[in-house]
Amino acid sequence: MSTTTIAPNRQGNAAGRYVRDTLLLTARSLRSIPRVPERLLDVTIQPIVFILLFLYVFGSAIHVTGISYKDYLFPGIIGQSLAFGIIGAGVATSNDMTEGVIDRFRSMPVSRLSIITSQVMGQFCEALLGMVIVIVFGLILGWNPQLTFAHGVELLALMTLGVFAFTWMGVLLGMLVRSPDAMQGVGFIVIFPLAFMAGTFVPIAGMDLVPRTIAHWDPIAALVATVRELTEGVHSSGSWQLDHPAVAMMLWCGVILAVCVPLALRRFNHTLAS
Amino acid sequence: MINSSAASIEAEGLTKRFGKFTAVQNLDLHVDTGTVVSLLGPNGAGKTTMVRMLATLLRPDAGRARIAGHDVVSEADRVRQVISLTGQFAALDKNLTAVENLRLMARLRGHRRSSTRTIVEELIGRFDIEEFRDRLVKNLSGGQRRRVDLAAGLIDRPHLLVLDEPTTGLDPRSRQVVWSTIRELVAEGVTLLLTTQYLEEADALANRVVLIDHGREIAAGTPAQLKAQVGEQRVDVVAADGAALQRLADVLAEHFTTTVTREQRTVSVPAPGDAADLARVAETVRDSGIAVDEIALRRPTLDDAFLALTGHTTGADAEDPEAIDPQRIDPEAAPPESLRAEGVAQ
């Protein structure tokens with residue numbers, strides 16, 4: 001067989017190989033985004049349904065002092081869609097990890113770390129794209145954020161960090177659960193309520209004691225409060241994190257990454273390997 | 001990198017447990033370079049677990065294995081450079097096209113763009129992929145997928161090619177195509193470890209067969225040795241009803257050595273001479289004018305082998321008829337979900 005005459009180029013150190021493999025595998029993940037549009041639909045359809053429901057069905061009964069409900073709602077929706085991104089990344093990962101192709105990669109001289117980072121990168125891009133779609137939809141419906149240039153940059157940076165951290169969390173959960181259905185279950189039981197209590201649709205201050213207390217320390221609440229402050233100049237309060245939402249959000253992202261990244265790598269290397 | 005004097009696979013006492021379940025128990029395996037060895041056994045016998053340990057995907061709980069002289073645990077990276085694994089279920093990205101998959105695998109193996117193109121085009125020609133090269137893998141038939149899968153496994157001529165149930169779920173025609181491809185590779189001197197549920201397949205392709213069940217070796221030898229223990233093929237004649245069975249048994253007994261299985265209304269005749277024996281039996285039946293449902297040449301199955309060697313059957317009949325008779329497989333059927341789950345858990 002004449003393929004044997006072509007020697008593969010295996011020069012370069014481990015770091016070079018890692019970067020190379022990660023780029024190749026990330027390109028592979030990105031290619032499947034337009035080919036599996038239902039995956040993107042998963043992370044965009046729910047926020048869009050919630051926008052329509054709350055704007056045109058429940059919204060007339062909700063009054064928030066000092067701001068139109070439309071302007072109050074959209075920062076909440078952005079926080080919610082980011083949280084739903086965890087479910088999206090988890091479902092996609094639990095699907096991908098059972099594919100035979102992952103076994104082929106693992107039996108090849110491919111950096112193992114690159115398999116997991118490319119999974120995160122692919123999901124990260126997909127979640128960012130989903131968020132852009134939701135924001136554009138909001139702008140079409142007449143959301144009018146009051147953004148200065150500096151605030152715009154800050155918002156972009158914080159959102160990117162948030163999507164990055166939440167994607168890692170989703171990828172970890174996707175590897176821990178046994179099936180995509182189980183991931184949907186976890187999403188519905190844990191992430192769904194947290195996304196609702198985060199001051200997404202109604203102010204936290206008016207909630208009952210238990211949900212209010214949870215909301216005061218809900219990471220998604222910090223996110224929603226950050227977006228609301230930057231886009232509408234509305235300051236939330238009630239707990240330390242709501243008083244300092246941007247700092248709180250960065251701390252949350254730091255904690256999530258510090259916990260999820262090592263656990264995800266460990267899970268991939270050990271449990272899936274033995 | 002490759003120590004050519006070493007055997008391709010040297011495994012001693014490999015053991016793997018999943019919780020309380022022992023998937024592979026104290027299994028030895030020796031494969032000489034340039035030979036084809038088949039692991040033969042029913043579903044859940046531990047074939048896939050064994051293959052995954054050898055391919056560095058699972059860490060053995062006990063025992064050790066070397067591939068081309070490299071230890072699968074301590075030198076896993078080396079092992080990955082000399083093996084190529086084609087898993088039980090097409091190990092391709094189903095959202096990429098055939099050609100995109102091949103390109104990705106070549107690039108991951110360290111080839112530059114230019115050499116990737118040369119290699120991929122050659123594989124496309126060799127495996128007859130041209131016609132569906134730009135179709136997404138998820139839209140390919142089982143046989144087409146297998147061809148791409150095999151091609152992807154041969155990007156750098158591997159020292160050891162591992163094929164895990166390469167024809168499970170394929171229709172008979174695709175199976176023949178895969179077999180002839182494998183034969184070509186073997187003729188070129190590729191060392192091959194092949195797992196299969198089909199005695200026929202091991203017989204057709206392997207120099208040596210290791211029969212395993214419940215993670216243990218039951219028998220090992222050349223296909224001829226194994227078949228000698230199992231018994232020869234036979235012609236089965238199924239009578240139309242009970243009355244016909246009696247007459248059939250009497251008529252056939254005049255000319256042949258017969259065995260009668262009443263529950264199946266079947267009279268069996270040993271048929272070492274293939275079609276000639278079949279024709280003689282059919283002629284006798286025709287001349288007698290007895291009504292029969294079926295006359296068929298039957299080759300010994302995996303179940304027969306188990307029965308002969310262990311005194312019990314595989315016990316797979318109930319949930320997995322395909323394991324017994326490859327001809328009964330629905331041509332385009334994907335592997336059933338239960339198989340898939342087992343494949344992962346094995």
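Because the structure is predicted, anything quoted here is derived from the model rather than measured. (Residues numbered from 1 in each chain as written. Chains lettered and ligands numbered in written order. Predicted model: local features only at pLDDT ≥ 70, side-chain atom pairs only at ≥ 80, totals over all residues.)

**Quick look at the overall build of chain A**
1) Next: Scanning chain A for helices and strands turns up 11 helices and zero strands.
2) Next: The linear arrangement of helices and strands in chain A, starting from the amino end, is α-α-α-α-α-α-α-α-α-α-α.
3) Next: With the principal axes as the frame, chain A shows a C-alpha extent of 75 × 35 × 30 Å.
4) Next: Counting across all 274 residues of chain A, residues that qualify as buried make up 43%.
5) Next: Within chain A, contacts between residues at least 6 apart in sequence are counted, and of these 81% link residues at least 24 apart. (Helix = DSSP H or I, 4+ residues; strand = E, 2+ residues; numbered from the N terminus. Buried ≥ 20, exposed ≤ 12 C-beta atoms within 10 Å, placed from the backbone. Contact = placed C-beta atoms within 7 Å.)

**Some details on the sheet that holds strand 13 (residues 266-270) of chain B**
Residue and element names in this part refer to chain B.
1) Next: With antiparallel pairing, the four strands of this open sheet are ordered in space as 12-13-11-14. Only two strands of the sheet have a single partner each, and these edge strands are strand 12 (259-261) and strand 14 (292-298). Sheet twist, expressed as the average angle between the axes of neighbouring strands with direction ignored, equals 20°.
2) Next: The pairing of strand 12 with strand 13 spans three bridges and is classified as antiparallel. The residue bridging Val260 from the neighbouring strand is Val267, located in strand 13.
3) Next: Lying over the sheet, helix 9 (residues 242-255) contacts strand 11 (234-239), strand 12, strand 13 and strand 14, oriented at roughly 145° with respect to strand 11. (Pairing = 2+ DSSP bridges. Axes fitted to C-alpha atoms, helices over the stretch in contact; angles between N-to-C directions.)

**Quick word on helix 7 (residues 180-197) of chain A**
Residues and elements named next belong to chain A.
1) Next: For helix 7, spanning 18 residues, the distance from its first C-alpha to its last is 25 Å, which sits close to the expected 26 Å at 1.5 Å a residue.
2) Next: Largest kink in helix 7: about 35°, centred on Phe188.
3) Next: Along helix 7, the residues classified as buried are Met183, Gly187, Ile191, Ala195 and Met197.
4) Next: Against helix 3 (69-97), helix 6 (149-176), helix 8 (209-216) and helix 9 (219-232) lie the buried residues of helix 7.
5) Next: With its phi angle positive at about 70°, Gly199 sits one or two positions after the end of helix 7. (Expected span 1.5 Å × (residues − 1). Bend = angle between axes of the 7 residues up to and from the residue.)

**What to know about the interface of chain A and chain B**
1) Next: Taken together, the contacts link 27 residues of chain A with 35 residues of chain B.
2) Next: Elements with a contribution of two residues or more to the side of chain A that touches chain B: helix 1 (14-35) and helix 4 (100-106) of chain A.

**Some words on helix 9 of chain B**
1) Next: Here helix 9 of chain B spans 21 Å end to end across 14 residues, near enough to the 20 Å set by a 1.5 Å rise per residue.
2) Next: Tucked into the core, helix 9 of chain B has its buried residues touching strand 11, strand 13, helix 10 (275-288) and strand 14 of chain B.

**Focus: the nonpolar core**
1) Next: Core analysis: the largest hydrophobic core is formed by 93 residues, its most contacted members being Ile86(A), Trp168(A), Met169(A), Ala221(A), Leu102(B) and Ala151(B).
2) Next: The biggest single contributor to this core is helix 3 of chain A, with 13 residues.
3) Next: One finds Leu14(B), Val162(B), Leu170(B) and Ile182(B) within the second-largest nonpolar core, a separate group that totals 53 residues. (Core = buried A, V, L, I, M, F, W, Y, C linked by C-beta atoms within 7 Å.)

**Side note on the pairing of strand 3 (residues 36-40) of chain B**
The side chains of a regular strand alternate between both faces of the sheet.
Residue and element names in this part refer to chain B.
1) Next: Of all five residues in strand 3, five are buried; the element is thus mostly enclosed.
2) Next: Burial along strand 3 is two-sided: the face carrying Val36, Ser38 and Leu40 and the face carrying Val37 and Leu39 are both buried.
3) Next: Bridging between strand 3 and strand 8 (residues 191-196) involves five bridges; their strand directions are parallel. Residue Val36 lies in a different strand from strand 8, and its bridge partner there is Leu192.
4) Next: Where strand 3 and strand 9 (residues 208-213) come together, four bridges link them in parallel fashion. The partner of Leu40 across the bridge, within strand 9, is Leu211.

**Here we look at the sheet that holds strand 6 (residues 83-86) of chain B**
Pairing between the strands of a sheet is mediated by backbone hydrogen bonds and can be parallel or antiparallel.
Residue and element names in this part refer to chain B.
1) Next: Read across the sheet, six strands follow the order 6-7-8-3-9-10 without closing on themselves; strand pairing throughout is mixed. Only two strands of the sheet have a single partner each, and these edge strands are strand 6 and strand 10 (216-221). Between one strand axis and the next, the sheet turns by 15° as a mean value, whatever way the strands run.

**Side note on the confidence of the model for chain A**
1) Next: When pLDDT is averaged across chain A, the result is 86; 94% of the residues are at 70 or more.
2) Next: The model gives residues 1-5 of chain A a pLDDT under 50, and that stretch makes eight contacts with residues more than four places away or in other chains. (pLDDT = per-residue confidence, 0-100.)

**Section: the environment of Pro75(A)**
All names here are of chain A.
1) Next: Position of Pro75 among the secondary structure elements: in helix 3.
2) Next: Taking C-alpha positions, Pro75 is 16 Å from Ala157, a pair spaced 82 residues apart along the chain.
3) Next: When near neighbours in sequence (up to four residues on either side) are disregarded, Pro75 contacts Val224, Val227, Arg228, Thr231 and Glu232.

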